[in-house]
Amino acid sequence: GGRPRIFSAMQPTNDSLHLGNYIGALTQWVALQDSHDALYCVVDLHALTVNPDPARLRDRTRRTAAQYLAAGVDPARSTLFVQSHVHEHSELAWLLGCQTGFGEASRMTQFKDKSAKRGAEGTTVGLFTYPVLMAADILLYDTALVPVGEDQRQHLELARDLAERMNSRFGDGTCVVPEPHIMAAGARIQDLQDPARKMSKEDGNKGAVFLLDDPKRAAKNIKAAVTDDGTEIRYDPATKPGVANLLTMLSVLTSTPVADLERAYEGKMYGHLKVDLAEAVVELLTPLQRVANEYLDDPAELDRVLAAGADRARELGAATLDRIRDRMGL
Ligand code: ADP
(Lines give C-alpha, C1' and ligand atoms only; values in the text may rest on other atoms or scores of the structure.)
Protein backbone atom coordinates (compact mmCIF):
# COMPACT_ATOMS: atom_id res chain seq x y z
CA GLY A 1 0.00 0.00 0.00
CA GLY A 2 0.98 3.65 0.26
CA ARG A 3 2.47 5.82 -2.42
CA PRO A 4 3.67 4.20 -5.68
CA ARG A 5 7.40 3.53 -5.70
CA ILE A 6 9.66 5.36 -8.16
CA PHE A 7 13.34 4.87 -8.89
CA SER A 8 15.62 7.04 -11.01
CA ALA A 9 19.35 7.68 -11.26
CA MET A 10 22.23 9.49 -12.95
CA GLN A 11 25.81 8.54 -13.63
CA PRO A 12 28.61 10.47 -11.90
CA THR A 13 30.55 10.75 -15.16
CA ASN A 14 31.24 14.47 -14.94
CA ASP A 15 31.86 17.11 -12.28
CA SER A 16 28.55 18.63 -13.20
CA LEU A 17 25.16 17.54 -14.45
CA HIS A 18 23.74 19.46 -17.41
CA LEU A 19 20.55 21.19 -18.37
CA GLY A 20 19.30 18.07 -20.20
CA ASN A 21 19.58 16.04 -16.98
CA TYR A 22 17.83 18.84 -15.12
CA ILE A 23 14.98 19.36 -17.57
CA GLY A 24 14.55 15.73 -18.67
CA ALA A 25 14.82 14.14 -15.24
CA LEU A 26 15.48 16.27 -12.15
CA THR A 27 12.44 18.52 -12.55
CA GLN A 28 10.27 15.37 -12.61
CA TRP A 29 12.07 13.90 -9.62
CA VAL A 30 11.34 16.96 -7.53
CA ALA A 31 7.71 17.18 -8.68
CA LEU A 32 7.02 13.51 -7.91
CA GLN A 33 8.44 13.26 -4.43
CA ASP A 34 5.24 14.11 -2.54
CA SER A 35 2.95 11.80 -4.45
CA HIS A 36 5.45 8.93 -4.67
CA ASP A 37 7.83 6.92 -2.55
CA ALA A 38 10.94 8.00 -4.41
CA LEU A 39 14.43 6.51 -4.52
CA TYR A 40 17.05 8.67 -6.23
CA CYS A 41 20.40 7.05 -6.81
CA VAL A 42 23.89 8.09 -7.93
CA VAL A 43 24.89 5.12 -10.07
CA ASP A 44 28.64 4.93 -9.57
CA LEU A 45 28.81 1.28 -10.71
CA HIS A 46 27.52 2.40 -14.10
CA ALA A 47 30.19 5.09 -14.23
CA LEU A 48 32.86 2.36 -14.09
CA THR A 49 32.04 1.68 -17.74
CA VAL A 50 34.11 4.77 -18.63
CA ASN A 51 37.08 3.58 -16.52
CA PRO A 52 37.33 6.68 -14.34
CA ASP A 53 40.24 7.62 -12.11
CA PRO A 54 39.27 6.41 -8.57
CA ALA A 55 39.69 9.74 -6.74
CA ARG A 56 37.81 11.52 -9.47
CA LEU A 57 34.96 9.01 -9.40
CA ARG A 58 34.61 9.42 -5.63
CA ASP A 59 34.51 13.20 -5.98
CA ARG A 60 32.01 13.12 -8.84
CA THR A 61 29.71 10.82 -6.87
CA ARG A 62 29.52 13.41 -4.07
CA ARG A 63 29.08 16.27 -6.52
CA THR A 64 26.24 14.49 -8.27
CA ALA A 65 24.49 13.89 -4.94
CA ALA A 66 24.99 17.55 -3.97
CA GLN A 67 23.37 18.61 -7.25
CA TYR A 68 20.34 16.38 -6.62
CA LEU A 69 19.92 18.12 -3.28
CA ALA A 70 20.45 21.55 -4.81
CA ALA A 71 17.84 20.84 -7.48
CA GLY A 72 15.29 20.18 -4.74
CA VAL A 73 15.51 16.49 -3.89
CA ASP A 74 14.53 16.46 -0.23
CA PRO A 75 16.11 13.66 1.82
CA ALA A 76 13.29 13.97 4.37
CA ARG A 77 10.80 12.87 1.71
CA SER A 78 12.91 10.87 -0.74
CA THR A 79 15.62 8.23 -0.40
CA LEU A 80 18.90 9.57 -1.77
CA PHE A 81 21.78 7.09 -1.99
CA VAL A 82 24.80 5.76 -3.86
CA GLN A 83 24.43 2.54 -5.87
CA SER A 84 27.66 0.87 -4.71
CA HIS A 85 26.62 1.28 -1.06
CA VAL A 86 23.91 -1.31 -1.68
CA HIS A 87 25.54 -4.58 -2.82
CA GLU A 88 22.19 -6.05 -3.80
CA HIS A 89 22.31 -4.14 -7.12
CA SER A 90 25.27 -6.18 -8.34
CA GLU A 91 23.84 -9.49 -7.19
CA LEU A 92 20.48 -8.95 -8.87
CA ALA A 93 22.30 -7.88 -12.05
CA TRP A 94 23.89 -11.34 -12.23
CA LEU A 95 20.56 -13.08 -11.72
CA LEU A 96 18.98 -10.98 -14.46
CA GLY A 97 22.00 -11.35 -16.75
CA CYS A 98 21.33 -15.08 -16.81
CA GLN A 99 17.82 -14.30 -18.11
CA THR A 100 18.97 -11.87 -20.82
CA GLY A 101 19.53 -13.04 -24.37
CA PHE A 102 22.84 -12.16 -26.01
CA GLY A 103 20.96 -11.01 -29.10
CA GLU A 104 18.56 -9.01 -26.99
CA ALA A 105 21.42 -7.14 -25.32
CA SER A 106 23.16 -6.69 -28.67
CA ARG A 107 20.18 -4.73 -29.97
CA MET A 108 20.57 -1.88 -27.46
CA THR A 109 21.22 1.21 -29.58
CA GLN A 110 23.17 3.02 -26.85
CA PHE A 111 25.62 0.10 -26.73
CA LYS A 112 25.93 0.13 -30.50
CA ASP A 113 26.64 3.88 -30.53
CA LYS A 114 29.08 3.86 -27.64
CA SER A 115 30.97 0.73 -28.71
CA ALA A 116 31.27 2.11 -32.24
CA LYS A 117 32.83 5.27 -30.78
CA ARG A 118 35.20 3.41 -28.45
CA GLY A 119 36.21 0.62 -30.81
CA ALA A 120 36.66 -3.07 -29.97
CA GLU A 121 39.61 -2.42 -27.63
CA GLY A 122 37.77 0.22 -25.61
CA THR A 123 34.51 -1.72 -25.36
CA THR A 124 34.14 -3.72 -22.15
CA VAL A 125 31.72 -6.43 -21.14
CA GLY A 126 30.51 -3.93 -18.53
CA LEU A 127 29.39 -1.53 -21.24
CA PHE A 128 27.54 -4.40 -22.88
CA THR A 129 25.73 -5.52 -19.72
CA TYR A 130 25.02 -1.97 -18.53
CA PRO A 131 21.28 -2.24 -19.37
CA VAL A 132 21.04 -5.41 -17.25
CA LEU A 133 22.50 -3.56 -14.25
CA MET A 134 20.03 -0.77 -14.93
CA ALA A 135 17.18 -3.31 -14.94
CA ALA A 136 18.48 -4.59 -11.60
CA ASP A 137 18.53 -1.04 -10.18
CA ILE A 138 14.86 -0.70 -11.03
CA LEU A 139 13.54 -4.17 -10.20
CA LEU A 140 15.42 -4.29 -6.87
CA TYR A 141 12.94 -1.83 -5.38
CA ASP A 142 9.72 -3.24 -6.87
CA THR A 143 9.58 0.05 -8.75
CA ALA A 144 6.25 1.04 -10.28
CA LEU A 145 7.38 4.12 -12.21
CA VAL A 146 10.69 5.29 -13.69
CA PRO A 147 10.97 9.00 -14.57
CA VAL A 148 13.65 9.31 -17.28
CA GLY A 149 14.47 11.13 -20.50
CA GLU A 150 13.60 9.76 -23.92
CA ASP A 151 17.12 8.28 -24.39
CA GLN A 152 16.41 5.65 -21.73
CA ARG A 153 13.20 4.29 -23.28
CA GLN A 154 14.81 1.20 -24.83
CA HIS A 155 16.65 0.28 -21.62
CA LEU A 156 13.41 0.60 -19.71
CA GLU A 157 11.70 -1.67 -22.21
CA LEU A 158 14.36 -4.29 -21.45
CA ALA A 159 13.70 -3.94 -17.71
CA ARG A 160 10.00 -4.54 -18.38
CA ASP A 161 10.72 -7.58 -20.57
CA LEU A 162 13.00 -9.03 -17.91
CA ALA A 163 10.41 -8.51 -15.17
CA GLU A 164 7.77 -10.27 -17.27
CA ARG A 165 10.16 -13.11 -18.09
CA MET A 166 11.03 -13.55 -14.41
CA ASN A 167 7.33 -13.76 -13.60
CA SER A 168 6.64 -16.34 -16.27
CA ARG A 169 9.67 -18.48 -15.32
CA PHE A 170 9.56 -18.19 -11.55
CA GLY A 171 5.95 -17.35 -10.83
CA ASP A 172 3.76 -14.27 -10.65
CA GLY A 173 4.95 -11.68 -8.21
CA THR A 174 8.66 -12.43 -8.64
CA CYS A 175 9.20 -8.94 -10.07
CA VAL A 176 7.08 -5.80 -10.39
CA VAL A 177 6.84 -4.65 -14.03
CA PRO A 178 7.86 -0.97 -14.11
CA GLU A 179 6.27 1.75 -16.24
CA PRO A 180 8.27 4.53 -17.88
CA HIS A 181 7.42 8.10 -16.93
CA ILE A 182 8.65 10.29 -19.77
CA MET A 183 7.55 13.90 -20.02
CA ALA A 184 5.86 15.15 -23.17
CA ALA A 185 8.08 18.24 -23.25
CA GLY A 186 11.76 18.43 -22.44
CA ALA A 187 12.42 14.69 -22.55
CA ARG A 188 15.19 15.25 -25.05
CA ILE A 189 17.30 18.40 -24.81
CA GLN A 190 19.68 18.76 -27.72
CA ASP A 191 23.30 19.88 -27.87
CA LEU A 192 23.61 23.66 -28.33
CA GLN A 193 26.37 23.35 -30.93
CA ASP A 194 24.93 20.33 -32.74
CA PRO A 195 21.14 20.23 -32.32
CA ALA A 196 21.02 16.85 -34.09
CA ARG A 197 22.50 15.16 -31.03
CA LYS A 198 21.41 15.05 -27.43
CA MET A 199 23.05 17.20 -24.80
CA SER A 200 25.31 14.91 -22.80
CA LYS A 201 27.90 15.16 -20.10
CA GLU A 202 30.93 14.01 -22.04
CA ASP A 203 34.00 15.90 -20.90
CA GLY A 204 34.72 19.18 -22.62
CA ASN A 205 31.40 19.30 -24.39
CA LYS A 206 30.85 22.93 -25.42
CA GLY A 207 27.30 22.26 -26.49
CA ALA A 208 26.15 21.53 -22.95
CA VAL A 209 25.12 23.91 -20.19
CA PHE A 210 26.47 22.49 -16.96
CA LEU A 211 24.65 23.15 -13.71
CA LEU A 212 27.91 24.07 -11.95
CA ASP A 213 29.17 26.31 -14.78
CA ASP A 214 29.94 29.91 -13.99
CA PRO A 215 26.52 31.47 -14.77
CA LYS A 216 28.20 34.05 -17.02
CA ARG A 217 29.80 31.29 -19.04
CA ALA A 218 26.50 29.42 -19.24
CA ALA A 219 24.83 32.58 -20.56
CA LYS A 220 27.58 32.96 -23.15
CA ASN A 221 27.14 29.34 -24.26
CA ILE A 222 23.45 29.90 -24.81
CA LYS A 223 24.03 33.07 -26.80
CA ALA A 224 26.47 31.09 -28.99
CA ALA A 225 23.93 28.32 -29.67
CA VAL A 226 23.63 27.17 -33.27
CA THR A 227 20.35 28.15 -34.94
CA ASP A 228 19.21 27.99 -38.55
CA ASP A 229 19.49 30.73 -41.21
CA GLY A 230 15.87 31.85 -41.01
CA THR A 231 14.57 34.52 -38.67
CA GLU A 232 11.21 33.20 -37.52
CA ILE A 233 10.89 31.91 -33.95
CA ARG A 234 8.70 28.86 -34.43
CA TYR A 235 8.63 25.41 -32.77
CA ASP A 236 9.58 23.06 -35.59
CA PRO A 237 12.11 20.42 -34.50
CA ALA A 238 12.41 19.00 -38.04
CA THR A 239 13.46 22.17 -39.86
CA LYS A 240 14.45 24.39 -36.92
CA PRO A 241 16.01 22.03 -34.36
CA GLY A 242 18.17 24.69 -32.70
CA VAL A 243 15.32 27.15 -32.19
CA ALA A 244 12.95 24.37 -31.08
CA ASN A 245 15.53 23.30 -28.50
CA LEU A 246 15.82 26.85 -27.11
CA LEU A 247 12.03 27.15 -26.96
CA THR A 248 11.72 23.83 -25.13
CA MET A 249 14.25 24.86 -22.51
CA LEU A 250 12.66 28.25 -21.94
CA SER A 251 9.21 26.65 -21.79
CA VAL A 252 10.19 24.23 -19.03
CA LEU A 253 12.30 26.73 -17.07
CA THR A 254 9.59 29.39 -17.05
CA SER A 255 6.58 27.03 -16.98
CA THR A 256 5.21 28.70 -20.12
CA PRO A 257 3.58 26.64 -22.89
CA VAL A 258 5.59 26.68 -26.13
CA ALA A 259 2.57 28.10 -28.04
CA ASP A 260 2.54 31.12 -25.70
CA LEU A 261 6.26 31.64 -26.31
CA GLU A 262 5.77 31.46 -30.08
CA ARG A 263 3.16 34.20 -29.81
CA ALA A 264 5.31 36.33 -27.53
CA TYR A 265 8.30 36.14 -29.93
CA GLU A 266 6.36 36.93 -33.09
CA GLY A 267 8.36 39.49 -35.08
CA LYS A 268 11.33 39.22 -32.71
CA MET A 269 14.79 37.88 -33.45
CA TYR A 270 16.70 34.81 -32.29
CA GLY A 271 18.83 37.08 -30.13
CA HIS A 272 15.81 38.04 -28.01
CA LEU A 273 15.01 34.41 -27.33
CA LYS A 274 18.63 33.66 -26.43
CA VAL A 275 18.87 36.61 -24.04
CA ASP A 276 15.70 35.52 -22.22
CA LEU A 277 16.81 31.90 -22.02
CA ALA A 278 20.24 32.95 -20.76
CA GLU A 279 18.53 34.99 -18.05
CA ALA A 280 16.30 32.06 -17.03
CA VAL A 281 19.35 29.81 -16.84
CA VAL A 282 21.29 32.29 -14.68
CA GLU A 283 18.27 32.46 -12.37
CA LEU A 284 18.27 28.67 -12.10
CA LEU A 285 22.02 28.23 -11.66
CA THR A 286 22.77 30.92 -9.09
CA PRO A 287 20.68 29.58 -6.17
CA LEU A 288 21.30 25.97 -7.21
CA GLN A 289 25.05 26.45 -6.97
CA ARG A 290 24.73 28.11 -3.59
CA VAL A 291 23.01 25.02 -2.14
CA ALA A 292 25.33 22.56 -3.94
CA ASN A 293 28.35 24.36 -2.52
CA GLU A 294 26.90 24.27 0.99
CA TYR A 295 26.78 20.49 0.78
CA LEU A 296 30.19 20.22 -0.85
CA ASP A 297 31.65 22.38 1.93
CA ASP A 298 30.09 20.12 4.57
CA PRO A 299 31.11 16.57 3.60
CA ALA A 300 30.04 15.13 6.98
CA GLU A 301 26.45 16.25 6.42
CA LEU A 302 26.44 14.93 2.86
CA ASP A 303 27.81 11.59 4.07
CA ARG A 304 25.14 11.43 6.76
CA VAL A 305 22.38 11.97 4.19
CA LEU A 306 23.84 9.32 1.86
CA ALA A 307 24.35 6.79 4.66
CA ALA A 308 20.76 7.18 5.85
CA GLY A 309 19.57 6.77 2.26
CA ALA A 310 21.66 3.63 1.77
CA ASP A 311 20.26 2.13 4.99
CA ARG A 312 16.71 2.49 3.77
CA ALA A 313 17.52 1.34 0.22
CA ARG A 314 19.37 -1.71 1.53
CA GLU A 315 16.43 -2.73 3.67
CA LEU A 316 14.02 -2.56 0.73
CA GLY A 317 16.46 -4.13 -1.73
CA ALA A 318 17.42 -7.01 0.55
CA ALA A 319 13.77 -8.02 0.94
CA THR A 320 13.22 -8.06 -2.84
CA LEU A 321 16.44 -9.94 -3.48
CA ASP A 322 15.57 -12.59 -0.83
CA ARG A 323 12.27 -13.20 -2.57
CA ILE A 324 13.87 -13.49 -6.04
CA ARG A 325 16.75 -15.72 -4.82
CA ASP A 326 14.28 -18.03 -3.17
CA ARG A 327 12.13 -18.29 -6.31
CA MET A 328 15.23 -19.08 -8.40
CA GLY A 329 16.34 -21.91 -6.11
CA LEU A 330 19.23 -20.12 -4.38
P1 ADP B 1 24.20 11.55 -19.69
O2 ADP B 1 23.63 10.93 -20.94
O3 ADP B 1 24.29 13.02 -19.78
O4 ADP B 1 25.45 10.87 -19.19
P5 ADP B 1 22.74 9.94 -17.76
O6 ADP B 1 22.90 8.76 -18.65
O7 ADP B 1 23.43 9.94 -16.43
O8 ADP B 1 23.10 11.28 -18.55
O9 ADP B 1 21.18 10.16 -17.57
C10 ADP B 1 20.61 10.74 -16.42
C11 ADP B 1 19.18 11.14 -16.71
O12 ADP B 1 19.15 12.32 -17.50
C13 ADP B 1 18.35 10.09 -17.46
O14 ADP B 1 17.03 10.12 -16.96
C15 ADP B 1 18.37 10.59 -18.86
O16 ADP B 1 17.24 10.16 -19.60
C17 ADP B 1 18.35 12.09 -18.66
N18 ADP B 1 18.98 12.81 -19.78
C19 ADP B 1 20.27 12.69 -20.18
N20 ADP B 1 20.52 13.49 -21.22
C21 ADP B 1 19.35 14.13 -21.51
C22 ADP B 1 18.94 15.09 -22.49
N23 ADP B 1 19.80 15.58 -23.38
N24 ADP B 1 17.66 15.52 -22.48
C25 ADP B 1 16.77 15.06 -21.57
N26 ADP B 1 17.08 14.14 -20.61
C27 ADP B 1 18.35 13.69 -20.59
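Definitions and limits used
Residues numbered from 1 in each chain as written. Predicted model: local features only at pLDDT ≥ 70, side-chain atom pairs only at ≥ 80, totals over all residues. Heavy atoms only, no water. UniProt positions renumbered as here; feature names shortened; annotations may be inferred. Salt bridge = Lys/Arg side-chain N within 4 Å of Asp/Glu carboxyl O. Helix = DSSP H or I, 4+ residues; strand = E, 2+ residues; numbered from the N terminus. Buried < 20%, exposed > 50% of the residue type's maximum accessible area, 1.4 Å probe, protein only. Contact = heavy atoms within 4.5 Å. Axes fitted to C-alpha atoms, helices over the stretch in contact; angles between N-to-C directions. Parallel < 35°, antiparallel > 145°, perpendicular 65-115°, else oblique. Left-handed = near helix turned anticlockwise from the far one by under 90°. Near = heavy atom within 4 Å. Polar contact = N/O pair within 3.5 Å; in protein donor to acceptor, adjacent residues only side chain to side chain. Areas by Shrake-Rupley, 256 points an atom, 1.4 Å probe, with all protein chains shown as cover. Nonpolar A, V, L, I, M, F, W, Y, C, P; charged D, E, K, R; others polar. Pairing = 2+ DSSP bridges. Right-handed = clockwise from strand over helix to strand, strands pointing away.

- The name given to the protein chain in an unreviewed UniProt entry is Tryptophan--tRNA ligase, with Flavimobilis marinus as the source organism.
- Turning to the protein chain, the UniProt annotation filed under Subunit (unreviewed entry) states: "Homodimer."
- Listed under Catalytic activity (unreviewed entry) in UniProt, the entry text for the protein chain is "tRNA(Trp) + L-tryptophan + ATP = L-tryptophyl-tRNA(Trp) + AMP + diphosphate + H(+)".

### Concerning the pattern of salt bridges
- Summed over all chains, the structure comprises 23 salt bridges.
- As a salt-bridge pair, Glu91 and Arg325 come within 2.5 Å of each other at their nearest N and O atoms. Highlighted residues: Glu91 in helix H4 (residues 88–97) and Arg325 in helix H13 (residues 299–328), separated in sequence by 234 residues.
- Judged by relative accessible area, which is 30%, Arg325 ranks as partly exposed.

### What about the environment of Leu145?
- In this fold, Leu145 is placed in strand E4 (residues 145–147).
- By relative accessible area, which is 17% here, Leu145 ends up buried.
- Taking the C-alpha atoms as reference, Leu145 lies 19 Å from Gly72; in sequence the two are 73 residues apart.
- With near-sequence residues (within four places) excluded, Leu145 lies in contact with Arg5, Ile6, Phe7, His36, Glu179, Pro180 and His181.

### Considering the packing of helix H1 (residues 19–32) against helix H10 (residues 241–254)
- Two numbers describe how H1 lies on H10: the axes approach to 11 Å, and their chain directions differ by 55 degrees. Between H1 and H10, the angle falls in the class oblique. Relative to H10, H1 is oriented so that their crossing is left-handed. Seen from H1, the contacting residues are Leu19, Tyr22 and Ile23; seen from H10, they are Met249, Val252 and Leu253.

### A few points about the site of the ligand
- By nearness alone, 20 residues border the ligand, and His18, Asp151, Ile189, Lys198 and Lys201 come closest of all.
- His18 places a polar side-chain atom, nitrogen or oxygen, 2.7 Å from an oxygen atom of the ligand.
- One of the backbone nitrogen or oxygen atoms of Ile189 is found 2.7 Å away from a nitrogen atom of the ligand.
- Here the ligand loses 94% of its free accessible area of 530 Å² to cover by the protein chains.
- Looking at the shell around the ligand, the elements with two or more residues in it are strand E1 (5–10) and H1.
- Per element, the largest residue contribution to the shell around the ligand is four residues, and it comes from H1.
- Broken down by class, the residue content of the shell around the ligand amounts to seven nonpolar, nine polar and four charged.

### Describing the pairing of strand E2 (residues 37–42)
- Taking burial as the measure, the six residues of E2 include six buried ones, the bulk of the element.
- The alternating pattern of E2 places Asp37, Leu39 and Cys41 and Ala38, Tyr40 and Val42 on opposite faces, both of which are buried.
- Direction of pairing for E1 relative to E2: parallel, over a ladder of six bridges. Along E2, the bridge assignment pairs Met10 with Val42.
- You can see the chain leave E1, run along H1 and come back into E2, and the turn it takes is right-handed.
- Of the strand pairs in this sheet, E2 and strand E3 (residues 79–82) are connected by four bridges, and their pairing is parallel. Bridge pairing links Leu39 to Thr79 in E3.

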